[in-house]
Amino acid sequence: MIEEILPVDVMSAEAFGDDGDVHLFPEERAAIANAVPRRRREFSTVRQCARKALGELGIPPVPLLPGRQRAPQWPAGVVGSMTHCSGYRAAAVARASRLHSVGIDAEESVPLPEGLLDLVGLPAERDMVERLGAHDDAVPWDRLLFSCKEAVYKVWFPLTQRLLGFDGARIDIDSSGFFSARFLVPPPLAAGSPVPRLTGRWMHRDGLIVTAIALPCP
Ligand SMILES: CC(C)(COP(=O)(O)OP(=O)(O)OC[C@H]1O[C@@H](n2cnc3c(N)ncnc32)[C@H](O)[C@@H]1OP(=O)(O)O)[C@@H](O)C(=O)NCCC(=O)NCCS
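Everything numeric in this text was worked out from a predicted model, so none of it was measured.

Criteria and cut-off values
Position numbers for residues start from 1 in each chain and track the written sequence from start to end. For a predicted model such as this one, the threshold for reporting local features is a pLDDT of at least 70, and the threshold for listing and counting side-chain atom pairs is 80 or more; totals across whole chains, interfaces and linings nevertheless cover every residue. Just so you know, side-chain values use all the structure's heavy atoms and leave hydrogens and water out. In this text, helices come from DSSP runs of H or I with a minimum length of four residues, and strands from runs of E with a minimum of two, each type numbered from the N-terminal end. Note on exposure labels: buried denotes an accessible area under 20% of the residue type's maximum, exposed denotes more than 50%, and partly exposed covers the range between, all computed with a 1.4 Å probe on protein chains only. Contact criterion: two residues are considered in contact whenever any of their non-hydrogen atoms come within 4.5 Å of each other. Per-residue accessibility takes into account occlusion by the displayed protein chains alone, with areas from the Shrake-Rupley method and a 1.4 Å probe. What qualifies as a polar contact is a pair of N or O atoms within 3.5 Å, subject to a donor-acceptor requirement within protein and to the restriction that residues adjacent in sequence count only when both atoms come from side chains. Nonpolar core, defined: a set of buried Ala, Val, Leu, Ile, Met, Phe, Trp, Tyr and Cys residues in which side-chain atoms within 4.5 Å join the residues together. Pairs of cysteine sulfur atoms within 2.5 Å are identified as disulfides in what follows. Any residue with a non-hydrogen atom lying within 4 Å of a molecule or strand is treated as near it. In this classification, the charged set is Asp, Glu, Lys and Arg, the nonpolar set is Ala, Val, Leu, Ile, Met, Phe, Trp, Tyr, Cys and Pro, and all remaining amino acids, among them Gly, are polar. An automatic or database domain assignment supplies the residue ranges for each domain. Salt-bridge detection follows one rule: a side-chain nitrogen of Lys or Arg within 4 Å of a carboxyl oxygen of Asp or Glu.

1. Some thoughts on the overall build of the protein
Reasoning step 1: Helix and strand counts for the protein come out as 5 helices and 10 strands.
Reasoning step 2: Each of the three principal axes of the protein carries a C-alpha extent, and together these read 50 × 40 × 30 Å.
Reasoning step 3: Looking at the protein as a whole, 47% of its 218 residues qualify as buried.
Reasoning step 4: For the protein, long-range pairs separated by at least 24 residues make up 59% of all intrachain contacts whose partners lie at least 6 apart in sequence.
Reasoning step 5: For the protein, the exposed area adds up to about 10800 Å²; of that, 52% sits on carbon and sulfur atoms.

What follows is the structure in structure tokens.
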């Protein structure tokens, strides 16, 4: 389903469960040696997805290790993003000659825990969530807002190597399946040019919320 909200030059793969018998490289196994079984399963399956998507770009299987601030280290010349939540894992990759960065996020379609919206949402975003909810209560708009922010962070981090607080970008959700993010901090640079705004797409289907942002090269 995630391919429906990604541009055609982004390769993606997804899984709705864990296969149990995923090949990991020794260095990947070492990276999760002390993790709980649930974490090992998501780590393994999403890497299987990533290697499948990389294969679509003609790139042979390589270890995909967590790097700085846990951001995945992609092969040279590739940008990518991974996400997992209960019942879903996905990876998206593209040639760095086509995209500066890509960010994907998936969430279970349930409202945020009590009080979390106040921590992650700007006042204007909280108003937006209320407005959207008054119009259509089938979508947990607070969870969607959260997912948009996670996707923004996954685009931001590879470009900046910096953390970004939840108040670092203002999200505007369009109920037709699009969203935008405007940075409220000095924006990231892509090939030397500032990127003050990102646009992305979202989908709500089968108990999942999925968001994706691709930042194309001009
Ligand atoms: C990193 C973060 C975005 C991950 O999101 P999540 O919903 O918890 O988890 P997801 O399953 O969707 O994504 C996890 C994957 O994100 C990727 N990831 C982790 N850190 C990353 C980073 N700094 N940059 C890019 N991708 C990152 C990894 O591939 C990870 O999977 P893996 O550990 O199996 O390799 C989140 O934990 C976080 O730190 N958020 C705070 C920052 C933020 O969102 N700011 C809002 C800005 S408006």
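2. Considering unusual backbone geometry
Reasoning step 1: Of note, Gln161 is a non-glycine position whose phi angle comes to about 60°, a positive value.
Reasoning step 2: With respect to the element layout, Gln161 can be found in the loop between helix 5 (141-160) and strand 5 (169-174).
Reasoning step 3: Positive phi outside glycine occurs at Asp206, with the angle close to 50°.
Reasoning step 4: For Asp206, a relative accessible area of 68% gives the class exposed.

3. Quick notes on the side chain of Arg89
Reasoning step 1: Mapped onto the secondary structure, Arg89 falls in strand 3 (residues 88-95).
Reasoning step 2: A polar contact of 3.0 Å, which involves the side chain of Arg89, links it to the backbone oxygen of Cys85.
Reasoning step 3: Beyond its immediate stretch of four places on either side in the chain, Arg89 contacts Ala13, Glu14, Ala15, Gly17, Asp18, Arg41, Glu42, Thr45, Val46, Cys49, Thr83 and His84.

4. A look at the nonpolar core
Reasoning step 1: Membership of the largest hydrophobic core comes to 32 residues, with the highest contact counts inside it found for Trp141, Leu144, Val152, Ile171, Ile173 and Leu198.
Reasoning step 2: Of all the elements in the fold, those that place two or more residues in this core are helix 3 (116-120), helix 4 (123-135), helix 5, strand 5, strand 6 (178-183), strand 9 (197-205) and strand 10 (208-216).
Reasoning step 3: Considering every element that reaches this core, the biggest residue donor is helix 5, with 10 residues.
Reasoning step 4: For Leu198, the contacting residues outside a window of four places in its chain are Val152, Val155, Phe179, Ser180, Ala181, Phe183, Ile213 and Leu215.
Reasoning step 5: The next biggest cluster of nonpolar side chains, apart from the first, holds 20 residues, and it includes Tyr88, Ile104, Ala212 and Ala214.

5. Considering the state of the cysteines
Reasoning step 1: What the rule picks out here adds up to 0 disulfides.
Reasoning step 2: For Cys49, which is in no disulfide, the shortest distance to another cysteine sulfur is to Cys85 and amounts to 12 Å.
Reasoning step 3: Overall, Cys85 belongs to the buried group, its relative accessible area being 12%.

6. Re the site of the ligand
Reasoning step 1: Around the ligand there are 19 residues in total, and Arg39, Arg47, Thr83, Glu150 and Lys154 lie nearest to it.
Reasoning step 2: The separation between an oxygen atom of the ligand and a polar side-chain atom of Glu150 is 2.4 Å.
Reasoning step 3: In the model, an oxygen atom of the ligand is placed 2.8 Å from a nitrogen or oxygen of the Lys154 side chain.
Reasoning step 4: Summarising the interface, the protein chains cover 86% of the accessible area of the ligand, which totals 920 Å² for the free molecule.
Reasoning step 5: Counting only elements with at least two residues in the shell around the ligand, the list comes to helix 2 (37-56), strand 2 (78-85), strand 4 (99-108) and helix 5.
Reasoning step 6: Element by element, the count of residues in the shell around the ligand is highest for helix 5, at 5 residues.
Reasoning step 7: When the residues that make up the shell around the ligand are grouped by side-chain class, the tally is 7 nonpolar, 4 polar and 8 charged.
Reasoning step 8: Each of domain 1 (2-104) and domain 2 (110-200) gives at least three residues to the shell around the ligand.

7. Remarks on the pattern of salt bridges
Reasoning step 1: Per the counting criterion, the structure on display carries 12 salt bridges.
Reasoning step 2: As a salt-bridge pair, Asp18 and Arg89 come within 2.8 Å of each other at their nearest N and O atoms. With Asp18 in the loop between strand 1 (11-15) and helix 1 (26-31) and Arg89 in strand 3, this pair connects stretches of sequence that are 71 residues apart.
Reasoning step 3: Asp18 gets classed as partly exposed once you look at its relative accessible area, which sits at 32%.
Reasoning step 4: Judged by its relative accessible area of 7%, Arg89 falls in the buried class.
Reasoning step 5: Asp118 serves as the salt-bridge partner of Arg126, at 3.7 Å between the closest nitrogen and oxygen.
Reasoning step 6: For Arg126, a relative accessible area of 28% puts it in the partly exposed group.
Reasoning step 7: A relative accessible area of 52% places Asp118 in the exposed class.
Reasoning step 8: What you see here is one network of salt bridges that share partners, running through Asp18, Arg41 and Arg89.

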